[in-house]
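Structural overview
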Amino acid sequence: MEYKITIKDLIEKCNGKLIQGNENIIIENLCRDTRILKQGEIYLGFQGEKFNGSIYYEEALAKGAKACVLQGIEIPNRVLEKYPNATIVLVENVVKAMQQLASYKRSLYHIPVIAITGSVGKTSTKDMIASVVAQKYKVLKTQGNYNNEIGLPLTVLSLKDEEIMVLEMGMNSFGEISILTNIAKPDIAVITNIGTAHIGMLGSRENILKAKLEILEGLNQKGTVVINYDNDLLHNWYESEKNHYQILTYGLQEGSKVLGKNPILEENGSKCQAIIENHTYEICIPIGGEHFVSNSLCAIAVAKALEIPIEKAIKGIKEFELTKKRMEIKKSKIGATIINDCYNANYDSMKAALDYVGKLPNKRKVAVLGDMLELGEYSKDLHQKVGKEIVKNKIDLLICVGKEVKYMIEQAKEDGMKSENIFWYENNEEAIHKLKQELQAEDVILLKASNSLNFTQICEAIM
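Residues numbered from 1 in each chain as written. Predicted model: local features only at pLDDT ≥ 70, side-chain atom pairs only at ≥ 80, totals over all residues. Heavy atoms only, no water.

**Remarks on helix 12 (residues 310–319)**
- Every buried residue belonging to helix 12 is among Ile310, Ala313, Ile314, Gly316 and Ile317, and all of these are buried. Projected down its long axis, helix 12 carries its buried residues within an arc of 160°, all on one side. Those residues of helix 12 that are exposed and aimed more than 90 degrees away from the buried face are Glu311 and Lys318.
- Next to the buried residues of helix 12 lie helix 5 (122–133), strand 13 (269–276), strand 14 (279–285) and helix 11 (290–305). (Buried < 20%, exposed > 50% of the residue type's maximum accessible area, 1.4 Å probe, protein only. Helix = DSSP H or I, 4+ residues; strand = E, 2+ residues; numbered from the N terminus. Arc of directions from axis to C-beta. Contact = heavy atoms within 4.5 Å.)

Following this line, the structure appears as C-alpha cells:
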C-alpha cells in the first residue's frame, strides 16, 4: 500500500507554518538545487555551514516550483502576489524537518529495510544486495551517494509502492549513523568492514567501529546483523557479542556462516564457491576483484536472512550493475583497459583496487592516483602504505596528482620503483597530457582519488 505524505503532514509533524498555498499537495519530486529544478517540483531550501539555500526561493518559484520549504527568511508581499498559486512553508530547520517527515513515513510502512554501512564497499554492496532482493521484492535503493543526513531522508520520502528498502549509511563523525538508523529502523543491519576512512576525524579504527555500530540503535529487536568475518575488528566484535544479537557472518575465513572458497579473479568477472550449511554453490560475479567476491557473500547472507532461495540470490549477483565511477571497466579508443574507480578513495579501497590490477594479465599496469582526504595526522602513514602496495602489485607506470601523494611516491621509490616510471603533476590537465603520450593498446589504467580531485575529467579525456 502506498502512503502519500502531504504539506499538511509537514506542518503537523514538523511544526511548519503555511505562509501561502495548498496544504494537500503531496510531498514528492523534491529538489534541493535551483540550477536543476524542474517545473512542478518542490524546492527544499537546505542550510549548510557556508550557505542558506532558502535565499534562492524566488529563483525556484520563477522556474515553476509548486512549493517551497524554507527556513530563516521572511517572504515579502510582492513575492506572494507575484506567485499566488505557489505553496510556501517555513520550518525551523529544513534538514531536520525532512528527517522527521521521513521517520513518520517509515512508520507507516511495514516492509523490510536493509541498512548498509562500512568503511569501504558500501555502494557496491548496496547495489549487489538490491539486485539480489529484487529477485523477490520491488526495491527502493539509495541512489548514487545519497547516504547522509539529507540523502537518506529524501530516499525514504521517495518511497511509493516498493516492497523493500536498501539504504546506504555514510558518516564522518559520531552521531551521524545514529540519526540515519533511527529514521530507517532497519530489519537487517550490514557492516561491510572497518577500515581507515575518516580516521582523521575519529582518531582510531576502534572509534570508527564504535561509530559504525550506531547502526544497531535503530535495528528491529528481532533483526539480523550481517558482518564481514574477515575484518579483524568485526570478527572480534562478533566473538564478544554473538550471544546478544542474531548475527550472520560472511567471508573467506573459516567459521563464516556464508563461507567463500576458491575465488578466481579475472578482468571482467570473478567466481567463487559459497558454502552454506554444508551445501556448496557456484557464484559468478560480473565484476573482477576479491572485494566483489566478499560483496557477493554478503548479498547471499542477506538473502538467507530474508529467506530468498540461494539460487535466486546467485541469479541476482550475476545480473547486478555497479553504480558509476566504482570499478567501472571500459575500453579506450586505442584498446587500453580503463578502470574508473574515481568516486572516492581511502587506504582500504586503494589497496583493493591495486590488488585487482596486480592480478590482471595486461602487459603494462598504469596507476593514476591522487590524494586520499580526511586522514588528518594519519595521512602520511596511509599514503606511504599505498606506496608499498604500488610496488607490491608491480605497477609499471605511476602518475600522481595532488599534495599528499608525495608520501606515496617517496615510499614507492624506497621500495624499489624506478624514478623514471613515476610522474607527479599539479593538475589533471598535465596528467592527461602525459597519459595521451604514454598509453598503449595493451595497458590497464587504474584511476583512483578522493572525489574532489575530479578524476572523472581524466577518465573522459583518455577514453
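Now that the structure is up, let's keep going.
**Details of the sheet that holds strand 19 (residues 422–425)**
- One open sheet accounts for six strands, arranged 15-16-20-17-18-19; its pairing is mixed. Of all the strands in the sheet, just strand 15 (328–331) and strand 19 have a single pairing partner and so form its edges. Each strand axis lies, on average, 15° off the axis of its neighbour in the sheet, ignoring direction.
- Sheet topology note: the strand 15/strand 16 (residues 337–340) ladder contains four bridges and is antiparallel. Residue pairing for strand 16: Ile329 is matched across the bridge by Ile339.
- In this fold helix 15 (residues 405–414) packs onto strand 17 (364–370), strand 18 (397–401) and strand 19, with an angle of close to 160° to the strand it touches most, strand 18.
- Here helix 16 (residues 428–438) sits on the sheet and contacts strand 17, strand 18, strand 19 and strand 20 (443–448); the angle it forms with strand 18, its principal contact strand, is near 160°. (Pairing = 2+ DSSP bridges. Axes fitted to C-alpha atoms, helices over the stretch in contact; angles between N-to-C directions.)

**What about the side chain of Thr34?**
- Positionally, Thr34 belongs in the loop between strand 2 (30–31) and strand 3 (42–44).
- Excluding its chain neighbours within four sequence positions, the residues that come into contact with Thr34 are Tyr43, Tyr56, Glu59, Ala60 and Lys63.

**Side note on the packing of helix 4 (residues 94–108) against helix 7 (residues 176–184)**
- Put simply, helix 4 and helix 7 touch, their axes get as near as 8 Å, and they point 35° apart. In this structure, helix 4 uses Gln99, Ala102, Ser103 and Arg106 to contact helix 7, whose residues at the interface are Ile179, Asn182, Ile183 and Ala184.
- Taken together, the residues of the contact of helix 4 with helix 7 sort by class into four nonpolar, three polar and one charged. (Nonpolar A, V, L, I, M, F, W, Y, C, P; charged D, E, K, R; others polar.)

These results come straight from atomic positions and should not be treated as a statement about function.
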